[in-house]
Amino acid sequence: MTTAMILPTGYTERPLALADAGAVTRVMAANELATVGEVVIEEADIVAEWQRPSFDVGAATVGVLGPDGELVAYAECSGGARADAAVHPEHWDRGIGTALAGWIGARAAELGEPVIGMPVPQGSPGDRLLASLGWFPRWESWVLALPQDAAIAVRELPEAYAIRAATPHDHEQVWTVVEDAFLEWSEREREPYADWVATTIERPGAEPWNVRVVTGPDGTVVAAAVLVMTEDGREGYVSKLATRKDQRNRGLAQALLADAFGAARAHGATRATLSTDSRTGALDLYLHVGMEVESTWVHRATRP
């Protein structure tokens, strides 16, 4: 069992449950506002991740309660090389972040992970803290947005290719295309299909048209995008974009990106965003279609 954290007087720790998703969202939102100047996280993001069949919320998370019993910080580490954590800004500089970093390292060691890391805004208090603890940078990532008044450049598809919303019949093909593409550069196990369904098809608020596909001449899915709409409907976030390896360099990704942004606008969104990192080599693609970098993140890691 992971060693208990050393916390300031009056603070306690406990495992979390799915019912704590709202409280975790509030902590993360306050942290985001203080570090990047806007709130991106939504409760649906937490619920979608925590409702995965493979995710044991109680074992994979820890919460820190303040003297008044309210949640003020949290961390999660469920296996694989990715963890996450946040401390409410009102409780910074009390050693809680250091304690959470120690918990993540201990949990990763317990799971036999050779390396564990998490993304933090470049130059933020979290970035500086992890650097001081010896966590090293593994890669950079960027959040990009399409300017609100920017025209969406439509890219024509090759002959016999088509673009449309996915049907239930397509879902397993979408999962395969996305996982095959992402596993070319990411160091993790293949995400189980049931987990993928939990974070996309069964994500709170998800609509059938949120999953977009390009089909090839034989009717199979050759490229796919997953679009997440914010709760207020004002933003469409492309969480996944992938093209089958044998179908690249045909403009499919650009066409699909334009389609996803167009679908978001057609459903009321005024803002279109996505994120990518230095492992993918895709930054130039997004800059080429007129997107602009809004924030830069560093994935810092440690070897337990």
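Residues numbered from 1 in each chain as written. Predicted model: local features only at pLDDT ≥ 70, side-chain atom pairs only at ≥ 80, totals over all residues. Heavy atoms only, no water.

Asker: Looking at this structure, how should I read the nonpolar core?
Answerer: Inside soluble globular proteins, nonpolar side chains tend to come together where they are buried. In terms of nonpolar packing, the biggest core is built from 30 residues, with Val 238, Leu 241, Leu 257, Phe 261, Leu 274, Tyr 286 and Met 291 touching the most fellow members. For this core, the secondary-structure elements that each account for two or more residues are β6 (136-146), β9 (221-229), β10 (235-243), α8 (252-266), β11 (271-277) and α9 (283-288). Ranked by residues supplied to this core, first place goes to α8 with eight residues. Membership of the second largest hydrophobic core comes to 24 residues, among which are Leu 7, Tyr 11, Ala 85 and Leu 130. (Core = buried A, V, L, I, M, F, W, Y, C linked by side-chain atoms within 4.5 Å. Buried < 20%, exposed > 50% of the residue type's maximum accessible area, 1.4 Å probe, protein only. Helix = DSSP H or I, 4+ residues; strand = E, 2+ residues; numbered from the N terminus.)

Asker: Whenever I open this one, the pattern of salt bridges confuses me. Can you help?
Answerer: Opposite charge on two side chains permits pairing when their charged atoms draw close. Counting across every chain of the model gives 17 salt bridges. Between Arg 14 and Asp 20 there is a salt bridge, with the nearest N and O atoms lying 3.0 Å from each other. For Arg 14, a relative accessible area of 31% corresponds to the partly exposed category. Using a relative accessible area of 12% as the deciding quantity, one classes Asp 20 as buried. Note that Arg 82 and Asp 84 form a salt bridge whose closest N and O atoms lie 3.4 Å from each other. The buried category is assigned to Asp 84, whose relative accessible area is 16%. In the salt-bridge network here, residues are joined through shared partners; they are Glu 38, Glu 235, Arg 271 and Glu 294. (Salt bridge = Lys/Arg side-chain N within 4 Å of Asp/Glu carboxyl O.)

Asker: Would you mind showing me how to read empty space enclosed by the protein here?
Answerer: Any empty space left between atoms is shown by rolling a water-sized probe over those atoms. Per the counting criterion, the structure on display carries two cavities of 30 Å³ or more. Of the volumes computed, that of the largest cavity is approximately 60 Å³. The dominant element in the lining of the largest cavity, judged by the number of residues it contributes, is α8, at four residues. The residue makeup of the lining of the largest cavity, split by class, is eight nonpolar, one polar and no charged. By volume, the second largest cavity amounts to about 40 Å³. What lines the second largest cavity is Leu 146, Pro 147, Gln 148, Arg 265, Thr 270, Arg 271 and Ala 272. (1 Å grid on protein atoms, 1.4 Å probe; cavity = no way out; pocket = protein on both sides within 12 Å on 5 of 7 lines; lining within 4 Å. Points joined across faces, edges and corners; volume = space filled by probe spheres on them. Nonpolar A, V, L, I, M, F, W, Y, C, P; charged D, E, K, R; others polar.)

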